[in-house]
Amino acid sequence: GVAARPILRVLDAEPVLTPELLELGLWIADYYVAPIGEVYRAMLPLRADTRRARSVRLSELGQRKLLEVNDANNETVHPAAELINYVARRGSVSVQSLRQRFSEAFLDALKEKWLIIDEVDRERTQRQVYAVRLTCPLPEKPLRLSPVAKRILEALATQGSAEDHRQLLNSARADLSALKKLSAAGMIELEPSKSKRRSALHAQDAPLAGESWAEQDLSLVLTQAQKVALDDLANHLELGTFQTVLLHGITGSGKTEVYLRLIARCLEIGRTALTLVPEISLTPSVQAQFLARFGSNVALLHSGLSENDRHEEWWRIRRGEAKVVLGTRSAIFAPLSNLGVVIVDEEHDTSYKQEETPRYNGRDVAVVRARLAGALALLGSATPSLESYWNAREGKYRLAVLPERVEGRKLAEVEIIDMRQEFRETHASVPVSRRLHQEIEAQIANHHQTMILLNRRGYSWFLLCRSCGQTQRCVNCSISLTYHRREQRLICHYCGYSTPVPPRCPAC
């Protein structure tokens, strides 16, 4: 057997990961064959809450020596008496502070005699936030101060007291040492801030106290399909059991409004909600709607945040200050308790797949997390993935459908132009057809805008036989080879395979 070493102390006041997240981590490690340590590291905030620090304490031999050197009958003064008493009075002393009072050689000698023990400890890195205010009005006669001190005092005089010293330092282009010097001089007062940090991420106000979540922003009238879908989802939510529902709603059918009202119902029954979006670029547009509806109850988790913001958002969720989490795939590990609903928007998107260790699919992990929490898992998409749609058809998932756009809006019309026929009629090899040219001119005449996506590398993205319509394909990847005119070669942009341009069509 393995000899277990005794636990010296508990570093955290409470467990960082909940039992639910620990179980989820074990499932990910087993299902995706990932190291369990890497999985748990991905679940934790980026910035460590503690840092390594070396400290010194008295050994058992040192404790006995302490009694000897302090014995009144002992007339000989032990050379280490001062250091032993210094450490004994404090219990544990940092190596850095001891080096300021005693020489390095003296400390090493006592370690060799086993009178003191040098150990690695951990200390909190949580930074104190200070409230800053002027102790008295600025005198009319200019004071002889440094430019930094003047900027701080002028900022306080014009803006008033600061609840967060970091905002003051940012506006005055100063650091904390300058504040402490002014505080020591009695010109300002520094005290621990009692107000919670409110970052620019949460600029909107929360809904008014006592106002029902279900009554928030009901100016939008739901379509009949939205009402049916929402009522069905709300029934599953109130049952408090695990269920996965695929919401198949065409573009513009109002899926986001269904999400928001479902989350409102979830908050009303005292549970929390988690919403995933595939890309950071989608977060700001959805973020505005979430913050307008739920205010400071929303926490954001995505890689676009700074390390400090992400760390503080994580701890807001862990402390229960945020009830709704919005983020990208890594937000699935948000430490929410009493989870009621997990929403995965655009569930078909490949961005939910993590390409670094631990590799996982955020959509599938969301379903497993909902199962562990006894929550509702809602997968939404206008173009569901093949596996999700099959699960819905086979009865493993429930299917909810939004078949029409809001307010009866029409879907965009799509027209495909056969460029082979275009070439036969015009004898011009150009990427813009006559039909497209007419439509662009019509939009310009009506003062409308036109967007053209021309995704091309090389001279032509394929080599096409005008007779039979056959294209030259890669022997490895079965995709069209791209024609590069300078090299006079056909090249595959996936695997790098290349071949000379054939003089005639190999097919016909």
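Residues numbered from 1 in each chain as written. Predicted model: local features only at pLDDT ≥ 70, side-chain atom pairs only at ≥ 80, totals over all residues. Heavy atoms only, no water.

Trainee: Can you help me understand the packing of aromatic side chains in this one?
Mentor: What characterises a pair of aromatic rings is the spacing of the ring centres plus the angle enclosed by the ring planes. Enumeration according to the criterion identifies 7 aromatic pairs in this entry. With 4.8 Å between their ring centres and 10° between their planes, Trp 27 and Tyr 31 make a pair best called stacked. With a gap of 4 residues between them, Trp 27 and Tyr 31 both fall in helix α1 (residues 19–31), about one helical turn apart. When the centroid spacing of 6.2 Å and the interplanar angle of 65° are considered together, the rings of Phe 290 and Phe 294 count as edge-to-face. A residue pair is termed a helical-turn pair when its members lie 3 or 4 positions apart in one helix, as Phe 290 and Phe 294 do in helix α12 (residues 283–294) at 4 residues. Each member of the pair, Phe 290 as well as Phe 294, is classed as buried. By the ring-pair criterion, three or more aromatic residues cluster together here, those being Trp 27, Tyr 31 and Tyr 32. Lying across the ring of Phe 423, Arg 466 places its NZ or CZ 4.0 Å from the centre. (Phe/Tyr/Trp six-rings, centres within 6.5 Å; stacked < 30°, edge-to-face > 60°. Helix = DSSP H or I, 4+ residues; strand = E, 2+ residues; numbered from the N terminus. Buried < 20%, exposed > 50% of the residue type's maximum accessible area, 1.4 Å probe, protein only. Lys NZ or Arg CZ within 6 Å of the ring centre and 35° of its normal.)

Trainee: Is there a simple way to explain the packing of helix α7 (residues 147–159) against helix α9 (residues 176–184) in this structure?
Mentor: To describe two helices that pack against each other, one gives the angle between their axes and the distance between the axes. Packing of α7 against α9 brings their axes to within 10 Å, and their N-to-C directions diverge by 75°. By the angle between their axes, α7 is roughly perpendicular relative to α9. Contacts from Val 148, Ala 149, Ile 152 and Leu 153 in α7 reach Ala 178, Leu 179 and Leu 182 in α9. Residue composition of the contact of α7 with α9, grouped by class: 7 nonpolar, no polar and no charged. (Axes fitted to C-alpha atoms, helices over the stretch in contact; angles between N-to-C directions. Parallel < 35°, antiparallel > 145°, perpendicular 65-115°, else oblique. Contact = heavy atoms within 4.5 Å. Nonpolar A, V, L, I, M, F, W, Y, C, P; charged D, E, K, R; others polar.)

Trainee: Whenever I open this one, the packing of helix α10 (residues 224–239) against helix α11 (residues 255–268) confuses me. Can you help?
Mentor: At a minimum axis distance of 10 Å, the contact between α10 and α11 shows a crossing angle of 30°. One way to sum up the angle between α10 and α11 is to call them roughly parallel. In this structure, α10 crosses over α11, and the sense of that crossing is right-handed. Between α10 and α11, the contacting residues are Gln 226, Leu 230, Asp 231, Leu 233, Ala 234 and Leu 237 on the first element and Glu 257, Val 258, Arg 261, Leu 262, Arg 265 and Cys 266 on the second. Of the residues in the contact of α10 with α11, the class split is 7 nonpolar, 1 polar and 4 charged. (Left-handed = near helix turned anticlockwise from the far one by under 90°.)

Trainee: Sorry, what's going on with unusual backbone geometry here?
Mentor: With omega at 0°, the peptide bond leading from Thr 357 into Pro 358 counts as cis. Among the secondary structure elements, Pro 358 is positioned in the loop between β10 (339–345) and α14 (362–373). Of note, the phi angle at Arg 173 is positive, near 55°, even though the residue is not glycine. On the secondary structure map, Arg 173 appears in the loop between α8 (165–172) and α9. Accessibility expressed as a relative area gives 58% for Arg 173, which makes it exposed. The backbone of His 427 sits at a positive phi, close to 55°, despite the residue not being glycine. Note that His 427 resides in the loop between α16 (419–426) and α17 (434–445). Take His 427: its relative accessible area is 64%, and that puts it in the exposed class.

Trainee: Where do I start with the pattern of salt bridges in this structure?
Mentor: Two side chains of opposite charge can pair, provided their charged atoms sit close to one another. Per the stated rule, a full pass over the model turns up 17 salt bridges. With a shortest N-O distance of 2.7 Å, Glu 257 and Arg 261 are connected by a salt bridge. Here the residue Glu 257 and the residue Arg 261 both occupy positions in helix α11, the gap between them amounting to 4 residues, near one helical turn. The exposure class assigned to Glu 257 is buried, which follows from its relative accessible area of 9%. What makes Arg 261 buried here is its relative accessible area of 13%. (Salt bridge = Lys/Arg side-chain N within 4 Å of Asp/Glu carboxyl O.)

Trainee: Sorry, what's going on with the nonpolar core here?
Mentor: Across soluble globular proteins, nonpolar side chains have a tendency to be buried as a group. Ranked by internal contacts, the top residues of the largest apolar core, which has 38 residues, are Met 43, Leu 274 and Val 325. Going through the elements one at a time, α1, α2 (36–43), β7 (272–276), β8 (298–301), β10, α14 and β11 (376–381) are the ones with two or more residues in this core. At 6 residues, α14 tops the list of elements feeding residues into this core. Those residues within four positions of Met 43 in sequence are excluded, and the remaining contacts are Leu 17, Leu 21, Leu 24, Gly 25, Ile 28, Trp 314 and Phe 333. (Core = buried A, V, L, I, M, F, W, Y, C linked by side-chain atoms within 4.5 Å.)

Trainee: Looking at this structure, I do not really get the sheet that holds strand β15 (residues 498–500). What am I missing?
Mentor: Adjacent strands of a sheet pair through backbone hydrogen bonds, lying either parallel or antiparallel. As summarised here, the arrangement of the 3 strands in space is β13-β14-β15, forming an open sheet in which the pairing is antiparallel. Across the chains shown, the open sheet's two edge strands, defined by having one partner strand only, are β13 (482–484) and β15. Pairs of neighbouring strands in the sheet enclose a mean axial angle of 30°, with direction left out of account. Examined bridge by bridge, β13 and strand β14 (residues 489–491) share 3 bridges and lie antiparallel to one another. Within the sheet, the bridge partner assigned to Tyr 483 lies in β14 and is Leu 490. (Pairing = 2+ DSSP bridges.)

Trainee: Explain a nonpolar patch on the surface to me, please; I cannot follow it from the model alone.
Mentor: Judged by side-chain polarity, Tyr 389, Leu 399 and Val 401 come together as a nonpolar surface patch covering roughly 230 Å² of accessible area. With respect to the helices and strands, the residue Leu 399 is situated in strand β12 (residues 398–402). When its relative accessible area of 38% is taken as the criterion, Leu 399 is described as partly exposed. (Patch = residues over 30% accessible without salt bridge, like charges linked within 9 Å, V, L, I, M, F, W, Y side chains within 5 Å. Areas by Shrake-Rupley, 256 points an atom, 1.4 Å probe, with all protein chains shown as cover.)

Trainee: What's the story with the environment of Gly 340 in this structure? I'm lost.
Mentor: Topologically, Gly 340 is positioned in strand β10. For the pair formed by Gly 340 and Arg 265, sequence separation is 75 residues and the distance between their alpha carbons is 9.8 Å.

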